[in-house]
Amino acid sequence: MQLLGRWYDFRDLGNGVARLIEALEDVGAPDGVIYAVTGLLGAVAILVFVAIAAVMNSWIERRLIARIQVRRGPNRTGRFGLLQPVADAIKLIQKEALQPARADGLVFSLAPILIFIPAILAFAVLPWGEQMVLADLNVGVLYLLALGSTTTIIIFMAGYASNNKYALLGSMRAIAMLISYELPMVMALLGVVTFAGTMQMSGIVAFQETHWSWLIFFQPLAFLIFLLGSTAELNRTPADISEAESEIVAGFHIEYSGMKFGLFYAVELINAVAVSGVITALFLGGWWAFGLEQWIPGWLIFIGKLYGVYFILIWFRGTLPRFRIDQLMAFAWKFLLPLAIVNVFAASIEVLLWREYDLSAGLVLPIAAAVNLALAVVLIAGWGRVMGAAYEQEPRRPRLFSEIDVPLPGDGPASGPAAASEPATA
Amino acid sequence: MAIDTEPLVVNIGPQHPSTHGVFRMRVTLDGERITDAEMIVGYLHRSMEKLAEERTWTQNIPFTDRMDYLAAMTGNLSYCIAVERLASIEVPERAQYLRVIFAELQRIASHAMANGTFVNDCGAWQTPLLYMFREREKVLDLFEMTCGARLTLNYMRIGGVAFDLPDEFLPQLRSLLDELPDRIAEYEQLLVDNEILLMRSRGIGVLSPEMAMNSSMSGPMLRGSGIAWDVRKADPYCVYDRMDFDIPVGHTGDSYDRFRVRMEEVRQSVRIIEQAVAQLPPGRHCADVPLNFRPPEGEIYSRIESPKGELGFYLISDGGPQPYRFHVRSPSLINLSALREMVVGQTVADAIVTLGSIDLNVGEMDR
Amino acid sequence: MPATAKLSGERLQERIDAAVPGAIEQAANAWVCVRPEQLVATMTFLRDDRELDGRYLNALSGVDRYDYFEIVYHVSSLSHNHEMTLKVRADHDEPEVPSVASVWRGAHLQEREVYDLLGVSFAGHPKLARIFLWDGFPGHPLRKDFMAMPGGRSPGLRAFPNEDEETWGGEFRGD
C-alpha cells in the first residue's frame with residue numbers, strides 16, 4: 001500500500017502525529033513544545049468528535065426511539081430531519097436562562113459547565129486506534145472510575161443549588177444510586193484488569209489482540225454487570241431515577257432552562273458515548289476486530305462498535321420501565337455485587353493457575369471462557385431464583401366472572417344461594 | 001447530637017407529567033416515603049352543573065362530552081339514558097345497538113389510553129403509550145367517520161343517536177375487530193410479564209375489597225379488588241342483556257390487577273362489538289323527540305358503566321325546558337376517595353404508579 | 001333480565017322503623033326522608049343490615065329546593081342488586097346535616113362537594129373544606145339564589161322561543 005505510514009494516511013491518524021513528533025524532534029524543539037503541540041492536536045480532534053457526537057446523537061437517539069415507538073421521529077428539518085439538533089440548539093440558545101429566586105447563583109451557573117469536564121476528560125484515555133490514545137495512562141481504568149465519581153458531586157451541586165424540592169430529591173437519588181453502582185462496576189472491571197494484567201487502556205486492547213479474542217468472551221458476567229451499572233451511571237432507563245420524568249419531573253435539572261439545560265442534555269449524550277467507548281475498549285476489543293483493522297481504519301471500527309453499544313443503551317431506553325430507587329439499590333447490592341465478587345474470584349483463580357503454572361494461553365483461555373460463561377449463566381439464573389420476589393408465584397391473569405365463583409367481601413347476606421353472593425348472574 | 005429534620009412538603013401537580021391534567025397532590029415526605037397526602041382539585045372546574053340548569057335538556061349533551069373528554073361517548077350515553085328514563089322515551093332498537101357499539105369502542109379507546117399512561121407512569125419512556133395510541137387512533141377514525149368529531153363527539157341524542165352509520169363504517173370496524181385481539185396479545189406479550197413492570201406494580205396501591213366497597217369505588221378499581229360488579233351486567237341498559245360477555249376480576253386489588261383488568265376488558269369489548277354488529281337491526285336511528293322537549297316532573301338517578309367506573313346522573317325535572325338539578329356522579333372523583341389510604345406509606349414513585357392505575361380524568365373530576 | 005330493583009319507600013320505612021324508631025320523616029313511593037338527628041344511626045343500620053345491605057353508596061347529591069335543602073343518598077346493595085333512595089332535609093338559612101363520612105368513606109369527597117357548591121355543612125365531617133372552588137369564594141354557586149338577578153328573575157328559559165304553550169310536543173324532528 002502506497003499510503004501506509006505517510007502522515008496523511010487516514011487509516012491511522014496516530015501515525016500522522018508520530019510523523020509530526022519526528023519532524024519536531026528533527027528541528028530540535030524542546031520536549032515541552034512537542035508535548036504541547038501533539039496534545040493540543042489530539043485534544044482538538046477529540047473535542048470536534050465530541051461536539052459532532054453530541055449534536056448527532058440527539059438525532060440518532062430520537063430517530064431510533066421513534067422507530068421503536070412506531071412513529072417517524074424528526075423528519076421536517078433538512079433531509080431526514082438531520083438539521084433537527086441545530087434547530088433545537090437555536091431554540092435553546094434563544095430561551096431565557098431562568099434562575100430561581102432563592103437559588104445559589106454561582107453554584108447554579110457553575111454546575112452545567114463543570115459537568116462537562118469529567119464527561120470530556122473520559123475521552124482522553126480511550127484507545128481510538130493503534131497509536132491513537134491521547135493520554136495513555138497506565139492507570140486508565142482507575143482514571144475512568146474516578147471521573148465517574150466526580151459527576152456525583154456536580155449533579156448534587158445542580159440539584160442543591162436549584163432550591164427546588166424535586167431537584168433535591170433527584171440529587172439525593174443520584175448520589176445514592178451512583179455510590180451504589182460504583183462498587184459493582186469496579187468489581188466488574190477488576191475481573192477485566194486481572195485478565196489483562198494491566199490498567200492501561202491500550203494494554204487491555206493489546207491483550208485482546210494478542211490472544212485473538214475479545215474480553216467479553218472471557219468476562220461475560222463482568223460485561224453484563226458493567227453494562228447495567230453504566231445505565232445507572234448514565235441516568236438512563238431503566239435506572240433513570242434521578243431524573244425520573246414521571247415522578248420527579250426532571251430531577252436535578254428541573255430548574256434549568258435554555259442553554260443551561262442544553263448543556264445537561266448534551267452531557268447526557270456525551271456520557272453515553274464515553275461509556276459506550278469504554279465498553280468497546282474493555283470488552284469488545286477497541287479498534288481491533290479479528291483482522292478487519294487491516295482493511296478498515298481502526299478508529300472507524302472503534303466508532304462503529306461504540307455506536308453498537310450506544311444502540312443497546314437506546315434500546316433499553318425505548319423498551320424498559322423504570323426501577324424504584326430501593327429496587328435499584330437492592331439490585332446493585334444484592335444482585336450485581338455478589339455476582340461481581342464471585343466473578344473476580346473466578347477470574348483470579350484462572351489467571352493464577354495460568355501464570356503460576358506457566359500454562360499456554362491457547363489452552364487456558366478457551367477453558368476460562370467456557371467456565372466463565374457457564375458461571376455467568378448459572379449465577380444469574382440461580383441467584384435470580386434465590387432473590388426472586390414473592391409475587392412471582394401469584395397469578396397474573398384476572399379471573400373471569402364466568403369461570404369462577406367470585407365471592408363478595410364480608411359475610412354477605414344469607415338470602416338466596418346464587419343471587420346472594422353475586423350481584424348478577426349472566 | 002440529634003439532627004434536626006423537618007418533613008418535606010412537595011406539591012405533585014398541578015403541572016406534573018404524571019397527574020394526567022391538573023390534579024394536585026400535596027404530599028409530606030420523610031425521605032422518599034409519604035407520610036401524609038392531601039388531594040387538591042378544582043383547577044378544571046367549569047361549573048357544568050350550574051350551567052346545565054340554564055340550558056335546555058338537549059343543549060346539555062355537549063357538556064357531557066367535556067366531562068370525560070377521553071370517553072365522551074359514555075358521557076353522552078349516560079346523560080341521554082337518564083333523560084330518556086325520566087321522560088319514558090322509547091329508543092329505537094337500531095339506536096340501542098349503535099349506542100352499544102360506540103360505547104364499547106369508546107371503552108377500548110379509553111382503556112388504551114389508561115393502560116398506556118399507566119405503564120408510562122411506571123417509567124417506560126412513552127413506548128407503550130404510543131403503541132396503545134395506534135388502536136386509539138383507529139377508534140377515533142371511526143368516530144370521525146360517523147359524527148365528524150374525534151374527541152368531543154356529541155353523538156348521542158335524547159331518543160337515539162345523531163347519525164346513522166356511513167357505508168364505510170362496518171368494513172373498517174371489521175378490520176379493526178380482526179386485528180385487535182392480535183394487538184392485545186402483542187401488548188400482553190410485551191408488558192404483562194415484564195419483570196420491572198411486575199416489580200413496580202405488584203403489591204402497590206393495594207385496595208382491599210371492603211375498602212373498595214366502602215369508598216364507593218367503581219369500574220376497574222372495584223373489579224380489580226375482586227368484586228364482580230359491572231353495571232352492564234347488574235343493571236343492563238341499551239341491549240347489554242342480549243350480549244354475552246365476561247367481567248374480569250382481579251386477585252389482590254393492586255395496581256397490576258387494575259392494569260390487567262383493563263386489558264381484559266378491551267378483549268371483552270371486542271366480543272360485545274362483534275355480537276352487536278352481527279345483531280344490528282335495520283330501522284331508525286333516533287326516536288321522535290320534540291324540539292321543545294320537556295320531561296315530566298320527577299327525578300331520576302341513572303348510571304352506566306363508563307370506562308372509568310359508574311357514571312351516574314341525578315336529574316330533577318320541574319317540568320320546564322331545563323333541568324332543575326343536574327348532578328353528575330363522576331367516577332374519577334369518587335375513585336379518589338381512598339387515595340390517601342392507598343398512598344400514605346409509599347414512596348413517591350409508588351404513589352405515581354398508584355395514581356396512574358386509578359385512571360382519573362380531571363375534566364370529569366372537576367366538571 | 002336482571003336489573004337493579006328499586007326498593008320502595010314503604011318497604012324501607014318498615015324495615016328502618018323496626019331498628020331505628022322514629023327515624024323516618026316521610027316515605028314516598030321511591031324514597032324515604034330521614035330525620036337529621038337519626039341520620040347516622042339510620043345509615044349505619046342500612047349499611048350493616050343483612051337484608052338491606054346498603055354497603056355501597058352510589059351517589060350523594062344536594063338539591064336546593066328554595067325553602068330547604070335536600071341531600072339525596074343513593075345507596076345500593078351489590079349482593080342483592082337493589083338500590084334505595086334516602087333523603088334528608090336541611091334548613092335553608094342555616095343548612096346543617098350530620099355527616100355520613102364515618103359510615104361510608106365514599107361520602108367524604110361528595111360531602112365536600114355539596115358543601116362547596118351548595119353550602120350545606122356536614123357536622124362531624126373529618127375535613128370539611130371547599131373542594132372545587134378556592135377558599136374565600138363568595139357564595140355557593142349551585143344555590144338557586146346565587147347571583148340572582150333583580151326582580152327575582154333567574155337566567156335561562158321559562159319557555160322555548162316561539163312556543164305555543166298549548167301545543168307542547170307539537171313540533172317534531174323530521175326523520
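The preceding data block contains the structure.
Given the structure is predicted, the values throughout are model-derived calculations rather than measurements.

Draft legend 1. Layout of the sheet that holds strand β1 (residues 8-12) of chain B. The strand order across the open sheet built from three strands is β1-β2-β3 (chain B), with neighbouring strands paired in antiparallel fashion. Here the strands that pair on one side only, and so sit at the sheet edges, are β1 and β3 (33-40) of chain B. For this sheet the average axis-to-axis angle between neighbouring strands, irrespective of direction, equals 20 degrees. Sheet analysis places β1(B) next to strand β2 (residues 24-30) of chain B, joined by five bridges and oriented antiparallel. If you follow B:L8 over to β2(B), its bridge partner there is B:L29. Seen against the sheet, helix α7 (residues 165-196) of chain A touches β1 and β2 of chain B and runs at an angle of roughly 110 degrees to β1(B).

Draft legend 2. Just the interface of chain C and chain B, in detail. Chain C puts 57 residues into the contact, and the matching count from chain B is 58 residues. Contact between chain C and chain B buries roughly 5,000 Å² in total, counting both sides, with carbon and sulfur atoms accounting for 53%. Counting across the chain C and chain B interface gives six salt bridges. As a salt-bridge pair, C:E113 and B:R367 come within 2.4 Å of each other at their nearest N and O atoms. Taken together, chain C and chain B are joined by 18 residue pairs in polar contact (both at pLDDT 80 or more). Among the secondary structure elements, those contributing two or more residues to the side of chain C that touches chain B are β4 (56-64), β5 (68-77), β6 (82-91) and α3 (107-118) of chain C. Sorting elements by how many residues they give to the side of chain C that touches chain B places β4(C) first, with nine residues. In terms of residue class, the side of chain C that touches chain B is made up of 29 nonpolar, 12 polar and 16 charged.

Draft legend 3. The arrangement of the pattern of salt bridges in detail. With the rule as written, the count across this model stands at 59 salt bridges over all chains. For A:R62, the salt bridge is made with A:D88, and the minimal N-O distance between the two is 2.7 Å. You can see A:R62 sitting in helix α2 (residues 31-68) and its partner A:D88 sitting in helix α3 (residues 84-94), a full 26 residues away along the chain. Taking the relative accessible area as the measure of exposure, A:R62 reaches 32% and is therefore partly exposed. Its salt-bridge partner being B:E341, residue C:R105 comes within 3.2 Å of it at the nearest N-O pair. Placement of the pair is C:R105 in the loop between β7 (96-98) and α3 and B:E341 in helix α13 (residues 339-343), with the two residues belonging to separate chains. On the basis of relative accessibility, which here comes to 37%, the residue B:E341 falls in the partly exposed class. Linked by salt bridges that have partners in common, B:E104, B:R107, B:R223, B:D230, B:R232, B:E265 and B:E305 make up one network.

Draft legend 4. Highlighting the nonpolar core. One finds B:F23, B:L105 and C:Y73 to be the most contacted residues of the largest nonpolar core, which totals 164 residues. Considering every element that reaches this core, the biggest residue donor is helix α4 (residues 93-121) of chain B, with 12 residues. Discounting residues that sit within four places of it in the chain, B:L105 has contacts with B:V139, B:L142, B:F143, B:F169, B:L173, B:L176 and B:I273. One finds A:V125, A:V141, A:F252 and A:V267 within the second-largest nonpolar core, a separate group that totals 104 residues.

Draft legend 5. A look at the sheet that holds strand β7 (residues 298-306) of chain B. Residue and element names in this part refer to chain B. The strand order across the open sheet formed by three strands is β7-β8-β9, and the pairing between neighbours is antiparallel. Of all the strands in the sheet, the pair left with one neighbour each is β7 and β9 (323-329). Pairs of neighbouring strands in the sheet enclose a mean axial angle of 15 degrees, with direction left out of account. Strand direction decides the pairing type here: β7 and strand β8 (residues 309-317), joined by nine bridges, are antiparallel. Bridge pairing links E305 to E310 in β8. Lying over the sheet, helix α3 (residues 72-87) contacts β7, β8 and β9, oriented at roughly 150 degrees with respect to β7.

The rules behind each value
- Residues numbered from 1 in each chain as written.
- Chains lettered and ligands numbered in written order.
- Predicted model: local features only at pLDDT ≥ 70, side-chain atom pairs only at ≥ 80, totals over all residues.
- Heavy atoms only, no water.
- Pairing = 2+ DSSP bridges.
- Helix = DSSP H or I, 4+ residues; strand = E, 2+ residues; numbered from the N terminus.
- Axes fitted to C-alpha atoms, helices over the stretch in contact; angles between N-to-C directions.
- Contact = heavy atoms within 4.5 Å.
- Buried area = accessible area lost by both parts, 1.4 Å probe.
- Salt bridge = Lys/Arg side-chain N within 4 Å of Asp/Glu carboxyl O.
- Polar contact = N/O pair within 3.5 Å; in protein donor to acceptor, adjacent residues only side chain to side chain.
- Nonpolar A, V, L, I, M, F, W, Y, C, P; charged D, E, K, R; others polar.
- Buried < 20%, exposed > 50% of the residue type's maximum accessible area, 1.4 Å probe, protein only.
- Core = buried A, V, L, I, M, F, W, Y, C linked by side-chain atoms within 4.5 Å.

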